[in-house]
Amino acid sequence: MSKKYINAYIEDSIGVVQLNRPDVLNALNRQMVDEIVETLEMYDRDDKINVIVVKGNEKVFAAGADIEEMMDESPLSLELADPFAVWDRIQLINKPILASVNGFALGGGFELALHCDLIIAAENAQFGFPEVKLGVMPGAGGTQLLSKAIGSRKALELIWLGESFSAKQARDFGVVNRVVAPELVEEETMRLAYQLANQAPISLRLIKESVKASEDLSLMDGMKLERKNFYLTFDSQDQTEGMKAFTEKRPPHFKGV
């Protein structure tokens, strides 16, 4: 698919979005974010795709936002353009999104990774929000997503200081799921993506909805949603196939219906 700032391609049932502004370390400008989100939405609508992967290149995920694009903005110009509204649409993607991170994932790059469901990082990856050192702050969800992931006290410390931290620290904080050698990060990401792609798509979608909702709902409301979604799986052919395969002691063949 032809895009200016990303490469988009499909590998079996996995849709891949590769950031492609290597000359500026994949700094995110508005057009690039538009292309990313539009492609995620296209993959989400495609019944042939079960899992989505977002990645940079072997040297960097995304080193931040495009500062030159923002430096002459005013409060009014930002209010009228509302450049962060497009980011909200990522939270509406139903399919699993995996971030594959090499090198820097800073500022907007870190926010993009946090908008994904799982993060697989290379040992050399660096995460952080340096915005405070520029006299600003995260604006595409960073304060909220990081706080939900690690708690408000640790999030405040990291965002206030604006210092980067390692992939191992990010894993210890609960931000990163897996840390592997740089030469293995793409292989590990795709291995996990293929594992998920072989699961029942409807189950994946309802599990994602239930887990995401748990961040905002009370325990009882969250359990009610979980119960409703559990019941819904019994209206799918995949539920019949999964249980039949279990009793027949064979792998299931899910079709997403």
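Structure first, text after, so check above.
Residues numbered from 1 in each chain as written. Predicted model: local features only at pLDDT ≥ 70, side-chain atom pairs only at ≥ 80, totals over all residues. Heavy atoms only, no water.

### Quick look at the packing of helix α5 (residues 108-115) against helix α6 (residues 142-150)
Two elements in contact, α5 and α6, have axes separated by 10 Å at closest approach and are oriented at 50°. By the angle between their directions, the pair α5 and α6 is classed as oblique. The two elements α5 and α6 meet at a crossing, and its hand is left-handed. Between α5, through Phe110, Glu111, Leu114 and His115, and α6, the contact on the second element is made entirely by Gly142, Leu145 and Leu146. (Axes fitted to C-alpha atoms, helices over the stretch in contact; angles between N-to-C directions. Helix = DSSP H or I, 4+ residues; strand = E, 2+ residues; numbered from the N terminus. Parallel < 35°, antiparallel > 145°, perpendicular 65-115°, else oblique. Left-handed = near helix turned anticlockwise from the far one by under 90°. Contact = heavy atoms within 4.5 Å.)

### Comments concerning the side chain of glutamate 35
Among the structural elements, glutamate 35 can be located in helix α1 (residues 30-45). As a buried residue without a salt bridge, glutamate 35 has its nearest oppositely charged side chain in lysine 3, at a separation of 6.2 Å. Among the polar contacts listed, one links the side chain of glutamate 35 to the backbone nitrogen of lysine 4, at a separation of 3.2 Å. Of note is the side chain of glutamate 35, whose polar atom sits 3.4 Å from the backbone nitrogen of isoleucine 6. With sequence-adjacent residues up to four places away left out, glutamate 35 is seen in contact with Lys3, Lys4, Tyr5 and Ile6. (Buried < 20%, exposed > 50% of the residue type's maximum accessible area, 1.4 Å probe, protein only. Lys, Arg positive; Asp, Glu negative; His and termini not counted. Salt bridge = Lys/Arg side-chain N within 4 Å of Asp/Glu carboxyl O. Polar contact = N/O pair within 3.5 Å; in protein donor to acceptor, adjacent residues only side chain to side chain.)

### Describing the nonpolar core
Ranked by internal contacts, the top residues of the largest apolar core, which has 47 residues, are Ile36, Val54, Phe61, Val101, Phe127, Leu146 and Val175. For this core, the element with the most residues is α1, which contributes six residues. Dropping the residues within four chain positions of it, valine 101 is found in contact with Phe61, Ala113, Ile119, Ile120, Ala121, Ala122, Ala125, Phe127 and Val185. Judged by nonpolar contacts, the second largest core, of 15 residues, contains Val180, Val185, Met190 and Leu196. (Core = buried A, V, L, I, M, F, W, Y, C linked by side-chain atoms within 4.5 Å.)

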